[in-house]
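Listed below, chain by chain, are the residues.
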Amino acid sequence: MKQTKFLIAALLLGSMLGACSSSESIEEAGEPKYVNMYQEVKPVRLTAEQTVFANDNNAFTLNFFQSLNGKMKNRSIVCSPLSITYVLSMVNDGATGTTEQELEQTLGFHKGGIQAVNDYCKNLIDNLPHVDEKVQLNIANAIFVNDKYQLRKQFQQDMANYYDAKAEALDFSSSSTLGRINGWCDEKTRGMIPTILERVEPRTVSYLLNAIYFKAEWASMFEKNETREETFTTPDGETRVPLMHQNVYMNYLRNDQYAAVSIPYGNGQWMMTVMLPEDGKTTDDVISSLAASGWSTDFLKNPLREARRYAVDLKLPRFETAFDTDDAGGLIELLKGMGIRRAFDGNSAEISNMCENGNLYICMMKQKAKIKVNEEGSEAAAVTIAGVNFTSAGGDTQEPPKATFHANRPFVYVIHEQSSGVILFVGEFMGK
């Protein structure tokens, strides 16, 4: 299996939520020192059709996160809907009829067809890891197949050509198979997600996996001696968290729902955008607003289009969050609620172009994700797995204005890449 070196909005964010063109610091007498973080960036090139895919898959991302948030009140969560997209796109390659239509429509690929979906996924695998050499990014896919069965040759060829995934035959009745699958997760996420399965079902035909790993330093790191234990207001009261602090030039906006800043990594191509609810608003309101407006490369349609360059007094918690979709009642139920139903139906799924031995359906699916945020930067990873089985049938020069952005209450964050508009991770921090 080819390994891409290293994991996981919009063109408009290059001007609106990007980092600055000069790395020089400006300091006035008696004023705080602010750091410019803008640098030159290298774009990912998408076709017109792939730009639509990126925008509408971001809509899937935000709608999925809204559904997930509805199940997990007052708890910190993190997920990578892009990782889900990769697993379901691999399944889509073997699907037909209504099953294919539901998968493509829900994921934001409309009626693009299997070839267009495969080309889009391949483009991101090949190019996203190289937009910033300072960022470690890996998008890895794998297929482990029960050695009692045989995958179709065309399906295997497509997986190798578009997803860098080579099918590996294993004895699903052997205890060593669980170690092999979990070992793959551990390796591809640099130890962040050491296990994805507790047991291997001997009757399962195949497991399809995606792992996304992302590690990057901030364009301007926080000084550790500036971090202080401070009060963080939660829905249940107050707690104490380590708040990192620095004064930086960055794009900032404030509307009636939230204030937002975008904190660049590396050369500024990758960013964490943090959205802090306004007084009287909650993270639920922010998530609903994002899901309604989307996250588009079209400047006029992006919710962050009003962002402008400010000198920001920034405070952000140092935190770590781990999440398992099983805690939210299961990934399959969440996806069914979004419109993917036939693929999970053992009686009517149409996944006939994957296995030589018969028609398949998705019998299990889950994701684990984790993020660490500290003074140096961020490290995040996600693993998504699906098991399939047989169906019953078979730069500004003026001095910018100043703003204060202290994330000392629950907030929403998104890790995204500018030129493609792709959202890699989305999360919510509730103080613990």
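Located above this text is the structure these notes cover.
Let me begin by describing the structure that accompanies this report. (Residues numbered from 1 in each chain as written. Predicted model: local features only at pLDDT ≥ 70, side-chain atom pairs only at ≥ 80, totals over all residues. Heavy atoms only, no water.)

**Section: unusual backbone geometry**
At His110, a residue that is not glycine, the phi angle is positive and equals roughly 55°. Its place among the elements puts His110 in the loop between helix 4 (97-107) and helix 5 (114-127). Looking at His110, the relative accessible area reads 33%, which means it is partly exposed. The phi dihedral of Arg190 falls on the positive side, at around 55°, and the residue is not glycine. Residue placement: Arg190 occurs in the loop between helix 7 (175-188) and strand 6 (206-217). (Helix = DSSP H or I, 4+ residues; strand = E, 2+ residues; numbered from the N terminus. Buried < 20%, exposed > 50% of the residue type's maximum accessible area, 1.4 Å probe, protein only.)

**Some words on the pattern of salt bridges**
Where charged atoms of side chains with opposite charge meet at close range, the side chains can pair. Summed over all chains, the structure comprises 18 salt bridges. Where Lys224 meets Glu376, a salt bridge forms, and the shortest distance between an N and an O atom there is 3.2 Å. Placement of Lys224 in the loop between strand 6 and strand 7 (228-234) and of Glu376 in the loop between strand 13 (360-373) and strand 14 (377-390) is noted, with a sequence separation of 152 residues between them. Classification of Lys224 as exposed rests on a relative accessible area of 55%. Assessed through its relative accessible area of 28%, Glu376 is described here as partly exposed. Residues Lys336 and Glu333 are paired through a salt bridge, measuring 3.7 Å at the closest nitrogen-oxygen approach. (Salt bridge = Lys/Arg side-chain N within 4 Å of Asp/Glu carboxyl O.)

**Observations regarding the side chain of Asn267**
Mapped onto the elements of the fold, Asn267 is located in the loop between strand 9 (258-264) and strand 10 (270-277). Here the side chain of Asn267 touches Val131 through a polar contact of 3.4 Å, landing on its backbone oxygen. (Polar contact = N/O pair within 3.5 Å; in protein donor to acceptor, adjacent residues only side chain to side chain.)

**Re helix 5**
Taking 1.5 Å per residue, 14 residues should reach 20 Å; helix 5 reaches 20 Å between its end C-alpha atoms and fits that length. Of the positions making up helix 5, those classed as buried are Ala116, Val117, Asn118, Tyr120, Cys121, Lys122, Asn123, Leu124 and Ile125. As for helix 5, its buried residues are in contact with helix 2 (48-71), helix 3 (81-93), helix 4, strand 4 (136-146) and helix 6 (153-163). (Expected span 1.5 Å × (residues − 1). Contact = heavy atoms within 4.5 Å.)

**Quick notes on the packing of helix 3 against helix 4**
For the pair helix 3 and helix 4, the least separation of the axes is 10 Å and the interaxial angle reads 155°. The orientation of helix 3 relative to helix 4 falls into the category roughly antiparallel. Considering only the axes of helix 3 and helix 4, their crossing is left-handed. Here Thr85, Leu88, Ser89, Val91 and Asn92 of helix 3 lie close against helix 4, whose contacting residues are Glu100, Leu103, Glu104 and Leu107. (Axes fitted to C-alpha atoms, helices over the stretch in contact; angles between N-to-C directions. Parallel < 35°, antiparallel > 145°, perpendicular 65-115°, else oblique. Left-handed = near helix turned anticlockwise from the far one by under 90°.)

**Thoughts on the packing of helix 2 against helix 5**
Packing of helix 2 against helix 5 brings their axes to within 10 Å, and their N-to-C directions diverge by 80°. Classified by the interaxial angle, the pair formed by helix 2 and helix 5 is roughly perpendicular. Within the contact between the two elements, helix 2 uses Glu49, Gln50, Phe53 and Ala54 and helix 5 uses Ala116, Val117, Asp119, Tyr120 and Asn123. Here the contact of helix 2 with helix 5 is composed, by residue class, of five nonpolar, two polar and two charged. (Nonpolar A, V, L, I, M, F, W, Y, C, P; charged D, E, K, R; others polar.)

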